[in-house]
Amino acid sequence: MCSSDLSTAAAAAAVPAAVPAAPAPAEKPASATADKDLLGAAEMGDHDALMKAIEDGAKLDAVDEKTHTALHWAAKCGRADDIEALTAAGAPLDAKTKTGVTPLIYAASEGWDDCVPLLLKAGADPKVATNKGRTALQAAQMKVGSADAEDKPRFEKVVKQLQQVDEIGRASCRERV
């Protein structure tokens, strides 16, 4: 017997024979650590662990001490596969950190031109602003000016992606008027 078998046997022996053994607890749909596992996997970029945490019933709106959800981490770090998995599972698209940053704002401010369209397609609101009043478009526009030559094209592409959404939104508003 391994040590865990010994402790189980000892615990069973400690229960008086007259007391019926408690029924085995029903399996919980969510792992006790699924939320932490999800956040850790998202922060570290471990897609397999992220998928397992989702399967284990992790709460998609769980936040860490920085008030980041798993989707915040995926967007901030430019992990398109994680964004696709989290949005498909129903992660909150417009969750805000304590400073009001959404996953879309993170993706835009980091210049992730492959992630911004995924978040927009999933329904992220480009009009949501941080506590300082900056939208995803404004965050990307600010970075264009300070980006180095290698990164500048990514930020310019993100600005165009967000401007197109902004123009479509304005056009649909005009059609309703």
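The structure contained in this document is the topic of the report that follows.

Reading the values: the criteria
- Throughout this description, residue numbers start from 1 for each chain and increase along the sequence as written.
- For this predicted model, a pLDDT threshold of at least 70 governs which residues receive local features, and a threshold of 80 or more governs which side-chain atom pairs are given and counted, while totals over whole chains, interfaces and linings are taken from all residues.
- Hydrogens and water molecules were not included; the side-chain quantities draw on all heavy atoms of the structure.
- For helices, the fitted axis covers only the stretch in contact; all axes are lines through C-alpha atoms, and the angles between them, taken along N-to-C directions, range from 0 to 180 degrees.
- The way it works is that DSSP assigns letters per residue, a run of H or I at least four long becomes a helix, a run of E at least two long becomes a strand, and they are numbered from the N terminus.
- Should an angle fall under 35 degrees it is taken as roughly parallel, and over 145 as roughly antiparallel, whereas 65 to 115 is taken as roughly perpendicular and any remaining angle as oblique.
- Here a crossing is taken to be left-handed if its near helix is turned anticlockwise relative to the far helix by less than a right angle, and right-handed if that turn runs clockwise.
- Residue contacts are defined here by distance: any two heavy atoms, one from each residue, within 4.5 Å place the two residues in contact.
- Any two of the Phe, Tyr and Trp rings considered here, Trp counted by its six-membered ring, make a pair once their centres fall within 6.5 Å; the pair's planes then place it as stacked at under 30 degrees, edge-to-face at over 60, or tilted in between.
- Lysine and arginine charges are scored as sitting over a ring when NZ or CZ, respectively, is within 6 Å of the ring centre and within 35 degrees of the ring normal.
- Exposed residues in this analysis have more than 50% of their type's maximum accessible area, buried residues have under 20%, and partly exposed residues fall in between, with area computed by a 1.4 Å probe over protein chains only.
- Salt-bridge detection follows one rule: a side-chain nitrogen of Lys or Arg within 4 Å of a carboxyl oxygen of Asp or Glu.
- Note on residue classes: Ala, Val, Leu, Ile, Met, Phe, Trp, Tyr, Cys and Pro are nonpolar, Asp, Glu, Lys and Arg are charged, and everything else, Gly too, is polar.

For the pair helix α2 (residues 34–44) and helix α3 (residues 47–55), the least separation of the axes is 8 Å and the interaxial angle reads 155 degrees. Taken together, the axes of α2 and α3 are roughly antiparallel relative to one another. Two packed elements cross with a definite hand, and for α2 against α3 that hand is left-handed. Residues A34, D37, L38, A41 and A42 of α2 form the contact with α3, whose own contacting residues are A49, L50, A53 and I54.

Below, the discussion takes up unusual backbone geometry. Keep in mind that most residues, glycine aside, have a negative phi and that most peptide bonds are trans. In this structure, T67 takes a positive phi of about 65 degrees despite not being glycine. Counting through the fold element by element, T67 comes out in the loop between α3 and α4 (70–77).

For the structure shown, the criterion picks out zero aromatic pairs. Looking at R154, its charged tip hangs above the ring of W112, at a distance of 4.7 Å from the centre.

All right, on to α4 then. Burial of α4 is extensive: six of the eight residues sit out of reach of the surface. Those residues of α4 that fall on the buried side of the exposure criterion are A70, L71, H72, W73, A74 and A75. In this structure, the buried side of α4 is in contact with α2, α5 (80–89), α6 (103–109) and α7 (116–122).

For the coordinates displayed, the defined rule picks out three salt bridges. The partner of K157 in a salt bridge is D113, with the nearest N and O atoms 3.9 Å apart. Of this pair, K157 sits in helix α9 (residues 152–176) while D113 is found in the loop between α6 and α7, placing the two residues 44 residues apart along the sequence. Ionic pairing is found between D151 and R154, a salt bridge with its closest N-O pair at 3.4 Å. You can call D151 partly exposed: its relative accessible area is 24%.

For the rest of this paragraph, the subject is the packing of α4 against α5. Their axes nearest at 9 Å, the elements α4 and α5 cross at an angle of 155 degrees. It follows from the interaxial angle that α4 and α5 lie roughly antiparallel. As for how α4 packs across α5, the hand of that crossing is left-handed. Residues A70, L71, A74 and A75 of α4 form the contact with α5, whose participating residues are D82, I83, L86 and T87. Tallied by class, residues from the contact of α4 with α5 come to six nonpolar, one polar and one charged.

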